[in-house]
Amino acid sequence: MARNLDQRIFVAGHRGMVGSAIVRRLVALGYSNIVSAAREQLDLLDQQAVRTFFAEQGIDQVYLAAAKVGGIHANNTLPAEFIHENLLIQANIIDAAHRNGVQRLLFLGSSCIYPKLAAQPMREETLLTGTLEPTNEPYAIAKIAGIKLCESYNRQYGRDYRSVMPTNLYGPGDNYHPENSHVIPALLRRFHEAVQQGTEEVVIWGSGKPMREFLHVDDMAAASVHVMELDDQVYQANTQPMLSHINVGTGVDCTIRELAEAVARVTGFQGRLSFDASKPDGAPRKLMDVSRLKALGWQASIELDAGLADAYRWFVEHRLQARV
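Observations regarding the sheet that holds strand S2 (residues 34-35)
Strand pairing in a sheet relies on backbone hydrogen bonds. The paired strands run either parallel or antiparallel. Pairing in this open sheet of six strands is parallel, and the strands run S2-S1-S3-S4-S5-S10 from one edge to the other. Single-partner strands in this sheet number two, and they are S2 and strand S10 (246-248). Relative to strand S3 (residues 61-64), strand S1 (residues 9-12) runs parallel, the two sharing four bridges. When the sheet's bridge partners are listed, Val 11 is paired in S3 with Tyr 63. Where helix H4 (residues 79-99) meets the sheet, it contacts S1, S3, strand S4 (104-108) and strand S5 (160-166), and its direction lies at approximately 175° from that of S3. Each of S3, S4, S5 and S10 is contacted by helix H7 (residues 217-229), which is oriented at about 145° to S4, the strand it contacts most.

And the structure:
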């Protein structure tokens, strides 16, 4: 698709880690007409408010990065909020976009849409072929519904609403909460505090053997814009009307032990690493098949060590706010 830098582009969720990275990417490419709305200005759970916003703004494209997100603890304790709020956000934005003539939209999902026991690496075709991981099933079902909303508006109304499914993301803007953060921000914070306090040992939950894939959020943003800007014919040639989502990842994984060793290098921790095998490991492996994305001309470029260093710099600069 020829790049039209004057298009009015609405980034829903622009304050989040992914949304803010998409804004950075768009600005770097020369887009100057980016529309955003803080939560105080626009309640995405309010259908009429979202419809009015779209009617007034004259939006041309949408990046749907807004979502209620959290770790295992949050998903386990607030399942009703996770499914209800995400369903509302998606339905309100996608329907309002359609009603106001927005032809192109990109929906951002999650790798948790795939069955708990999906073959590795996880291909797009495994969607809806098995039982989901119970701890985040409500969130996963909401994300699957988002994909199907996009496909349904495409099939019924001829819209061009696309979906991308990222692997585990990290980077600037991540959540470093001591209890609710994901594995990379949790480890960066723990190792940083160990260095500050002179601790000789850092204990990590689990055996250290499970393998995980990690993608820097700036790579995710670059992939999102790449997919959004693909010509219709190219996108449609590499997807199917009812299997239209695209995995976004590195295609490379590492053990939790290797990740911990990389975090130790980045933070300057020189003490001992120990692993508490009495704590749960989770799935032995979660790796995305990214062959569809590579066929569409994009692949990740930020290596894990460089990405961790970037995330750590952001944490050190913002750690006082991150502690709140």
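Alright, that's what it looks like, and here's the rest.
What to know about the nonpolar core
Counting residues in each nonpolar core, the largest one holds 40 residues, and the members touching the most others are Phe 10, Phe 53, Phe 54, Val 62, Ile 93, Leu 105 and Tyr 161. Contributions of two or more residues to this core are made by S1, helix H2 (47-57), S3, H4, S4, helix H5 (137-157) and S5. Apart from the residues within four sequence positions on either side, Leu 105 is in contact with Val 62, Ile 93, Ile 94, Ala 97, Cys 150, Asp 160, Tyr 161, Arg 162 and Met 228. Core analysis: the next-biggest nonpolar cluster, separate from the first, contains 30 residues, Ile 9, Val 18, Ala 65 and Leu 108 among them.

Concerning the pattern of salt bridges
Inspection of the entire model under this criterion finds 19 salt bridges. Arg 265 serves as the salt-bridge partner of Asp 305, at 3.2 Å between the closest nitrogen and oxygen. Pair noted here: Asp 305 is in helix H11 (residues 304-322) and Arg 265 is in helix H9 (residues 256-267), with a separation of 40 residues, a long-range link. The exposure class of Asp 305 is partly exposed, given its relative accessible area of 37%. One salt-bridge network, held together by shared partners, links Arg 104, Asp 160, Arg 162 and Asp 232.

Cut-offs used in this document
Residues numbered from 1 in each chain as written. Predicted model: local features only at pLDDT ≥ 70, side-chain atom pairs only at ≥ 80, totals over all residues. Heavy atoms only, no water. Pairing = 2+ DSSP bridges. Helix = DSSP H or I, 4+ residues; strand = E, 2+ residues; numbered from the N terminus. Contact = heavy atoms within 4.5 Å. Axes fitted to C-alpha atoms, helices over the stretch in contact; angles between N-to-C directions. Core = buried A, V, L, I, M, F, W, Y, C linked by side-chain atoms within 4.5 Å. Buried < 20%, exposed > 50% of the residue type's maximum accessible area, 1.4 Å probe, protein only. Salt bridge = Lys/Arg side-chain N within 4 Å of Asp/Glu carboxyl O.

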